[in-house]
Amino acid sequence: MTTVLPGVYTDDAFARTEASDGPAAISVADGVYRPQEDSALLIDTLLDAGRAEGSRVADLCSGSGVVALAAAAQGAASVAAFERSPRAVMCARANAAAAGANVRVHRGSWTRAAEFAPFDVITCNPPYVPFAEDADDRQIPRAAGPDTAWNAGRDGRQVLDPLCESAPDLLAAGGTMFIVHSEFADADRTVGGLRAGGLHAEVVAEQWIPFGPVLTARAHWLERVGLLEAGRREERLVVVRADRV
Ligand SMILES: C[S@@+](CC[C@H](N)C(=O)[O-])C[C@H]1O[C@@H](n2cnc3c(N)ncnc32)[C@H](O)[C@@H]1O
C-alpha cells in the first residue's frame, strides 16, 4: 500500500496535502473535513485496485474532494462528487479547478447520485462515528472540522445503512463500491447489508490507528455504552469492497 496523504492533520486554517500518487496537492478550507487516515486508506485501496481508470466514478460525501481528485488522477473517464456542505462544495470545486481535473461537484445529499447512476466505481467516506446526546464533545478541537462530517447516529450507521441498500441501484453491472469506516460502525453489518442486495462484499483493507480528537473525547461514552473495552485508545478502520457481478 502507498501512503498518499502523510501527516494531514494540522491546526492551520488551510492545510496543504501532498499526494504522491493522486492530485499534486489540495487545499482544505476552514470548516471542511481535513483528509485523514480514513481518506488515505480509501484512496490507497482505490488506487491499488486500479479500478478508476476509464471508469465513470462517483465519490459520495466528498468533502474537500480529495478522493474524487485521486480517481481523476488515475484516469477516470468522469468523476461526479456529491457533498452536502456548501463550504465543502466550494472547496472541492476549487481543488478540482486548481488541478484541472474533470470532476463535477454536486451540492446535496449523496442520494442525488441516483439521478446520475449507474456508475462503474463508487467511493464513500461517510460520517460514521456513533453519537448520542449524552456524549461529551467539549474536548473536540475546532480544527477537527464540522461534526456533520462524522456524527452518524447512535450506531454510526445513519448514512451506511441507506447506502448499503442503494448500492445495487447505483452500480453498473460489473461496478465496484469502496466504503471506508471505523469498526465502531460495525463492518459486519456493512458487508451483510451489501450482500443482502446481491453484491459480492468483503473487507479488503484495514488499518489500526490511534484515536483522533473525536474518539478521544467520546472514549468514556463508548466504554459506557459497551462499544469499547476499558482503556483501549485505538480503532480499526476498514474498507469494504462490494462488486456487482
Ligand atoms: C468523513 S468526511 C469525508 C470527506 C472526504 N471524502 C475525505 O475522505 O476526506 C464526510 C463528508 O460527508 C459530508 N456529508 C455528511 N452527510 C452527508 C450526506 N447525507 N450527503 C452528502 N454529504 C454528506 C460531510 O459534509 C463531510 O464532508
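Residues numbered from 1 in each chain as written. Predicted model: local features only at pLDDT ≥ 70, side-chain atom pairs only at ≥ 80, totals over all residues. Heavy atoms only, no water.

**Structural notes on the UniProt feature "domain: Methyltransferase small" (unreviewed entry) in the protein chain**
Going by this rule: UniProt positions are given in the numbering used here, feature names are shortened, and annotations may be inferred rather than shown by experiment. We count a stretch as a helix when DSSP gives it H or I for four or more residues in a row; a strand needs E for two or more, and each element gets its number in order from the N terminus.
Those residues carrying the UniProt feature "domain: Methyltransferase small" (unreviewed entry) are residues 39–129 in this numbering. The span residues 39–129 is 36% helix and 24% strand, and its two end C-alpha atoms sit 15 Å from each other.

**Observations concerning unusual backbone geometry**
As a rule of thumb, non-glycine residues mostly have phi less than zero, and peptide bonds are mostly trans rather than cis. The condition that has to hold: Under the scheme applied here, a residue whose accessible area is under 20% of the maximum for its type counts as buried, over 50% as exposed, and between as partly exposed, the area being computed with a 1.4 Å probe on protein chains only.
Here the bond from Ala117 into Pro118 is cis, since omega is 10 degrees, no more than 30 degrees from zero. Structurally, Pro118 is set in the loop between strand 5 (103–107) and strand 6 (119–124). Of note in the backbone geometry, Asp186 takes a positive phi value of approximately 75 degrees without being a glycine. Within the element layout of this structure, Asp186 appears in the loop between strand 7 (171–182) and helix 5 (187–196). You can call Asp186 partly exposed: its relative accessible area is 32%.

**Details of helix 2 (residues 66–73)**
With seven of eight residues buried, helix 2 is to be regarded as a mostly interior element. Buried within helix 2 are the following residues: Val66, Val67, Ala68, Leu69, Ala70, Ala71 and Ala72. Trailing helix 2 by a residue or two, Gly75 shows a phi angle of about 95 degrees, which is positive.

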